[in-house]
Amino acid sequence: MASSISQLSHRAPPGPQDVLPHEKSSPDQDRTSPAPHSSSTHHPRGFIAWFKSLGSGIVLDIHARAPWYLSDWTDAWNYRVVPATALIFFANVLPGVAFSLDLIETTGKYGVAEVLLSSFMAAFTFSVFGAQPLTIAGVTGPITVFNKTIFDILEGRNDSPNFLHFIGWVYLWAAIIHWITAILNWCNFLKYVTLFSCDTFGFYVSWVYLQYGIQVTTRQLQSNNPPNTPGALVSIILALLMLVTSFLFQSMSQKTFFHRHVRRFLADYGMPMSLIASSAMAYWGRFNIANPSTLPIGPAFQPAGGREWLVRFWQLEAKWVGIALPFGIVLWILFFFDHNVSSLMAQSSDFPLRKPPGFHWDFFLLGVTTFIAGLLGLPAPNGLIPQAPIHTTSLLVMGHSREKRDDEEDATINESGIQTPLPLTDTDADAKAAQSPLDKMFLEVPISVVEQRVSNLAQGSLCLVLLTGPFLHVLNLIPRGVLAGLFWFMGADALRGNGITQKIFYFFRDKKLTPEDEPLRKVRKSRILMFIAVQLVGFGATFAITQTVAAIGFPVIIMLLIPLRVLVIPRLPFTPEELAILDQPTASPFTMESVGGSL
């Protein structure tokens, strides 16, 4: 009952494009009524409607999610929360630290403490106050590129300001625009974000992970303080070991070996076990003698360079305050796309969710965390890809599919209030015929998600624990090569499941082994190639600009994917049926309802 009420009440707020038009008068009235009188009577009504809509998205988000708040904590009494916490902790913290190595080693303005505190702040804020607690936020590769580019720009000037003061103003401007965006209901524009944009951006993020893994290893080969070639070679071996063992555990979890509980254990803990085992190898025999490089650390709970935690950015010279505004706009563009897309992917149509989302309220909270990050001198956190969908996947509850009986309804509700998946329909006849009775009996499908707040809060709290002296020492024991392998595994795994990759694989698949009900069979191959080409052009432009001095502008290229899909793609020679197969909404209608539906 609560779910039904929340779905009815969680309608999309009227955004800028949703304000009702002025009432039209009859033709006779148009000829007899003067224009000034018409504008004076109708425009105030439209303005009042627009004024009343301010902040309505935030209000609706809070009203829709509030009835579920208590259950968000009580539902955490489930074993799935334990492996989800462990998995996302390693998948969030270690890449965040590795991404920040450039900032740590080249700027001297950030340290491991800043990265860990930023991750904790984001986890605490969105798990306790957020409307979408499944979304994982932390320090990402794009924000490190953004901050590093600003540092390089400022360092090239003779009158360069204090870096943290300038960044503080950049973050403040971005936070203000975040709040304005949430109040004006601009998150309604997410209705135009489809799999075209998400797959292209996800493809870019996957290659960024692969690139950073290579950079972590090559940086050790180029080190001159002092050079340690044996250690660098051992790091490459450890990276490959981490990559291979992670995929080995993942592959075994998907095979028919062992009991299903063992397979699920390998799926849950395969990556953490690979990381621990690969790190231990660095201290075995001759590997230990080679002394491979490990993660840098600093004093417990102390910021980099011995500065105080509070950044007094209001002391910045006035001219630099204005110069910080364009950078704040660029950061807003990055976070608007990156954070909201990660939220969409964490609540995609692949997951049987039952609790309502809240994009407007969470984006308002993102402005709060951005402001606090500038105040404390932290790298600003935002939604993580692929960690956010990995978190939801780890919380899936699997069950057996069952055949539909004639006297059953299309869906049933069990005693826990969770809707079971729809049974197979007649269109699946060929696939059912190809399955053996054992396949039908033991096939597991997602039946629900443990939607709660504890796993996000727990992994963030572990970041705070990691800031203590003993655990910082443990962090210092992890070789950089293992982090490179973790980058490669996460990047390759995300790349393998990406929509662009799947469409490319379609061309290499044996047609005799391709299911008859494969949707791409209904699309001309030339049109599939054209769609892939457009996505690769978007990916190439984004990736290329990040390798140049113009890297600060890469968020603009990412945001242009939305008008490209809305305005350009429909003008290309696709039929509506083909476009519907090639591109679909990212999330289910239930999730997209809060932003006005789908494209």
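Quantities reported herein were computed from a predicted structural model and do not represent experimental measurements. (Residues numbered from 1 in each chain as written. Predicted model: local features only at pLDDT ≥ 70, side-chain atom pairs only at ≥ 80, totals over all residues. Heavy atoms only, no water.)

### Here's the deal with the overall build of the protein chain
Thinking step 1. Check the secondary structure of the protein chain and you find 28 helices and 4 strands.
Thinking step 2. The buried share of the protein chain, reckoned over its 599 residues, is 50%.
Thinking step 3. Contacts in the protein chain between residues at least 24 apart in sequence constitute 85% of all its contacts with a sequence separation of at least 6.
Thinking step 4. For the protein chain, the exposed area adds up to about 27,600 Å²; of that, 66% sits on carbon and sulfur atoms. (Helix = DSSP H or I, 4+ residues; strand = E, 2+ residues; numbered from the N terminus. Buried < 20%, exposed > 50% of the residue type's maximum accessible area, 1.4 Å probe, protein only. Contact = heavy atoms within 4.5 Å. Areas by Shrake-Rupley, 256 points an atom, 1.4 Å probe, with all protein chains shown as cover.)

### Quick notes on the confidence of the model for the protein chain
Thinking step 1. Averaged over the protein chain, the pLDDT score is 82; the fraction of residues at 70 or greater is 84%.
Thinking step 2. A low-confidence stretch, residues 403-441 stays under pLDDT 50, and its non-local contacts, those more than four residues away or across chains, total 40 contacts. (pLDDT = per-residue confidence, 0-100.)

### Description of the nonpolar core
Thinking step 1. Counting residues in hydrophobic clusters, the biggest one holds 135 residues, and the most contacted among them are L94, F146, I150, F166, Y171 and L331.
Thinking step 2. Per-element accounting of this core gives the leading share, 14 residues, to helix α15 (residues 318-346).
Thinking step 3. Apart from residues no more than four positions distant in its own chain, Y171 is found in contact with Y110, I143, N147, L331, T370, A373, G374, L378, P379 and A380.
Thinking step 4. Of all hydrophobic cores here, the second largest spans 10 residues; its members include L134, L395, L396 and V450. (Core = buried A, V, L, I, M, F, W, Y, C linked by side-chain atoms within 4.5 Å.)

### Details of empty space enclosed by the protein
Thinking step 1. Under the definition given, this model contains 3 cavities of 30 Å³ or more.
Thinking step 2. Its boundaries defined by the atoms lining it, the largest cavity holds a volume of some 100 Å³.
Thinking step 3. Lining the largest cavity are F99, T140, G141, P142, F201, V205, V208, Y209, D338, G383, L384 and I385.
Thinking step 4. Sorting the residues of the lining of the largest cavity by element identifies α9 (141-155) and α11 (195-221) as the ones contributing at least two each. (1 Å grid on protein atoms, 1.4 Å probe; cavity = no way out; pocket = protein on both sides within 12 Å on 5 of 7 lines; lining within 4 Å. Points joined across faces, edges and corners; volume = space filled by probe spheres on them.)

### Quick word on the side chain of T217
Thinking step 1. Considering the arrangement of structural elements, one finds T217 in helix α11.
Thinking step 2. Using a relative accessible area of 7% as the deciding quantity, one classes T217 as buried.
Thinking step 3. In this structure the side chain of T217 is engaged in a polar contact, spanning 2.7 Å, whose partner is the backbone oxygen of I214.
Thinking step 4. Not counting residues up to four positions away in its chain, the partners in contact with T217 are I236, A484 and W488. (Polar contact = N/O pair within 3.5 Å; in protein donor to acceptor, adjacent residues only side chain to side chain.)

### Digging into the pattern of salt bridges
Thinking step 1. Per the stated rule, a full pass over the model turns up 15 salt bridges.
Thinking step 2. A salt bridge links K319 to D159, with the nearest nitrogen and oxygen atoms 3.1 Å apart. Taken together, the residues K319 in helix α15 and D159 in the loop between α9 and α10 (163-183) connect sequence positions 160 residues apart.
Thinking step 3. Under the relative-accessibility criterion, K319 is labelled partly exposed at 42%. (Salt bridge = Lys/Arg side-chain N within 4 Å of Asp/Glu carboxyl O.)

### What to know about the packing of aromatic side chains
Thinking step 1. What the rule picks out here adds up to 33 aromatic pairs.
Thinking step 2. Aromatic pair F89 and F90: ring centres 5.4 Å apart, planes at 70 degrees, arrangement edge-to-face. For the pair F89 and F90, a shared accessibility class is recorded, and that class is buried.
Thinking step 3. Between the aromatic rings of Y204 and F554, the centroid separation amounts to 6.5 Å while the plane-to-plane angle is 40 degrees, which identifies the pairing as tilted. Of the two residues, Y204 is situated in helix α11 and F554 in helix α25 (residues 554-559); the sequence distance between them amounts to 350 residues. When sorted by exposure, Y204 lands in the same class as F554, which is buried.
Thinking step 4. Taken together through their ring pairs, the aromatic side chains of F201, F203, Y204, W207, F337, F539, F543 and F554 make up a single cluster. (Phe/Tyr/Trp six-rings, centres within 6.5 Å; stacked < 30°, edge-to-face > 60°.)

### What about α15?
Thinking step 1. Spanning 29 residues, α15 covers 41 Å between terminal C-alpha atoms, matching the ideal 42 Å at 1.5 Å per step.
Thinking step 2. Taking the largest bend as the criterion, α15 deviates by roughly 25 degrees, centred on L325, and proline P326 comes between one and four positions later.
Thinking step 3. Most of α15 sits inside the fold, with 21 of its 29 residues counted as buried. (Expected span 1.5 Å × (residues − 1). Bend = angle between axes of the 7 residues up to and from the residue.)

### What about the packing of helix α8 (residues 112-128) against helix α20 (residues 454-466)?
Thinking step 1. Two elements in contact, α8 and α20, have axes separated by 8 Å at closest approach and are oriented at 155 degrees. Taken together, α8 and α20 sit at an angle that is classed as roughly antiparallel. α20 is crossed by α8, and the crossing has left-handed handedness. Residues L116, L117, S119, F120, A123, F124, S127 and V128 of α8 pack against N456, L457, Q459, G460, S461, C463, L464 and L466 of α20. (Axes fitted to C-alpha atoms, helices over the stretch in contact; angles between N-to-C directions. Parallel < 35°, antiparallel > 145°, perpendicular 65-115°, else oblique. Left-handed = near helix turned anticlockwise from the far one by under 90°.)

### Some details on the packing of helix α6 (residues 81-99) against helix α13 (residues 260-281)
Each pair of packed helices gets described by two things: the angle between the helix axes and the distance between those axes.
Thinking step 1. Across the interface, α6 lies against α13 with an axial gap of 9 Å and an inter-helix angle of 45 degrees. Considering their axes alone, α6 and α13 lie oblique with respect to each other. Every pair of crossing elements has a handedness; the one defined by α6 and α13 is left-handed. Residues V82, P83, A86, L87, F90, A91 and L94 of α6 form the contact with α13, whose own contacting residues are D268, Y269, M271, P272 and L275.
Thinking step 2. Grouping the amino acids of the contact of α6 with α13 by side-chain chemistry returns 11 nonpolar, no polar and 1 charged. (Nonpolar A, V, L, I, M, F, W, Y, C, P; charged D, E, K, R; others polar.)

### Observations concerning the environment of I385
Thinking step 1. Tracing the backbone shows I385 in the loop between β2 (382-383) and α17 (387-394).
Thinking step 2. Accessibility expressed as a relative area gives 8% for I385, which makes it buried.
Thinking step 3. Look past the residues within four positions of I385 in its chain and what remains in contact with it is F201, V205, Y209, D338, V341, S342 and M345.

### Re a nonpolar patch on the surface
Thinking step 1. Taken together, the side chains of F47, I48, W50 and F51 present a nonpolar region at the surface, about 430 Å² in accessible area.
Thinking step 2. Relative to the helices and strands, F51 is located in helix α3 (residues 35-53). (Patch = residues over 30% accessible without salt bridge, like charges linked within 9 Å, V, L, I, M, F, W, Y side chains within 5 Å.)

### Description of unusual backbone geometry
Thinking step 1. Of the consecutive residues I385 and P386, the connecting peptide bond is found in the cis state with omega at 10 degrees.
Thinking step 2. Residue position: P386 is located in the loop between β2 and α17.
Thinking step 3. Positive phi is not limited to glycine here, since N185 has a value of about 65 degrees.
Thinking step 4. Here N185 lies in the loop between α10 and α11.
Thinking step 5. On the basis of relative accessibility, which here comes to 0%, the residue N185 falls in the buried class.

### Let's talk about α17
Thinking step 1. The buried fraction of α17 amounts to 6 of the 8 residues, a majority that puts the element mostly inside the structure.
Thinking step 2. The complete set of buried residues in α17 reads Q387, A388, P389, H391, T392 and S394.

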